[in-house]
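Below are the chains, spelled out letter by letter.
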Amino acid sequence: MGRGGDQRRTHASDVELGIAVSLAQQGDEDAFAAAYRLVHPGLLGYLRGLVGNDAEDVASDAWLEIARDLRRFRGDGAGFRGWTATIARNRALDHLRKQKRRPQIALIEQDVLELPGRADTVDAVLESMSTRWALGQIAGLPPDQAEAVLLRVVVGLDGPSTARVLGKRSGAVRTAAHRGLKRLAEQLTSGSPAENVATAASGTLKDET
């Protein structure tokens, strides 16, 4: 899944995920269960942001497609996160079209707050404030910013992968994520943490240009 200029960070959980996916493609059911446990909480949180209370049903449809097409996937753990997020997003948009609704960024589920940590610039942003507070505030961002931040923070994608999932240019996604993180920083009442967050948000753009 890697491409030129796509400097994807390697996280410990992604290494574990890549191994699990490789074994699952060979028919190891326990490995598939392990991959599911690593990916599903973030995927469900992202879907809840798009379809609200219908997230469980949409996630089930997405996992059926993921399981069906698993052998066709080519890539590492980080690539698998992006691939599953694309499938989940397509299922969510299909669901919304059937109901003639627009995506709505809803509240984040509790299990999203318990995702494995990732040594990422975005994590540095969240560590500068209350993680629970920050994730709760994502629901109040404009849709394009909220979805970009959700994919970066909740699903764990890097900038280029997020752009591919959304079908947008990397620059546009970087800007949306940056603005979303900046808005979160501005909503803090304490000046010192806000300055730290704004600095980290600016670093996100530098890291991915």
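Residues numbered from 1 in each chain as written. Predicted model: local features only at pLDDT ≥ 70, side-chain atom pairs only at ≥ 80, totals over all residues. Heavy atoms only, no water.

Visitor: Would you explain helix H3 (residues 55–69) in this entry?
Guide: Think of an α-helix as turning once every 3.6 residues; residues three or four places apart then point the same way. An ideal rise of 1.5 Å per residue puts 21 Å on 15 residues; H3 measures up with 21 Å between its terminal C-alpha atoms. Packing partners of the buried residues in H3 comprise helix H2 (29–51) and helix H4 (77–99). (Helix = DSSP H or I, 4+ residues; strand = E, 2+ residues; numbered from the N terminus. Expected span 1.5 Å × (residues − 1). Contact = heavy atoms within 4.5 Å.)

Visitor: Please clarify how the pattern of salt bridges should be interpreted in this entry.
Guide: Pairs can form between side chains of opposite charge whenever their charged atoms are close. Scanning the entire structure with this criterion turns up seven salt bridges. Glu65 is paired through a salt bridge with Arg91; the nearest N and O atoms lie 2.4 Å apart. Of this pair, Glu65 sits in helix H3 while Arg91 sits in helix H4, and the two are 26 residues apart along the sequence. The class of Arg91 is partly exposed, set by a relative accessible area of 22%. With its nearest N and O atoms 2.3 Å apart, the salt bridge here joins Arg91 to Asp94. In this pair, Arg91 and Asp94 both sit in helix H4, three residues apart, roughly one turn of the helix. Taking relative accessible area as the criterion, Asp94 reaches 24% and is therefore assigned partly exposed. Beyond isolated ion pairs, a larger network of salt bridges with shared partners links Glu65, Arg91, Asp94 and Arg97. (Salt bridge = Lys/Arg side-chain N within 4 Å of Asp/Glu carboxyl O. Buried < 20%, exposed > 50% of the residue type's maximum accessible area, 1.4 Å probe, protein only.)

Visitor: Would you take a moment to explain the environment of Ile66 for this structure?
Guide: Assignment of secondary structure puts Ile66 in helix H3. The sequence separation of Ile66 and Phe80 amounts to 14 residues, and the corresponding C-alpha distance is 9.9 Å. If we skip the residues at most four places from it in the chain, Ile66 touches Leu43, Phe80, Trp83, Thr84 and Ile87.

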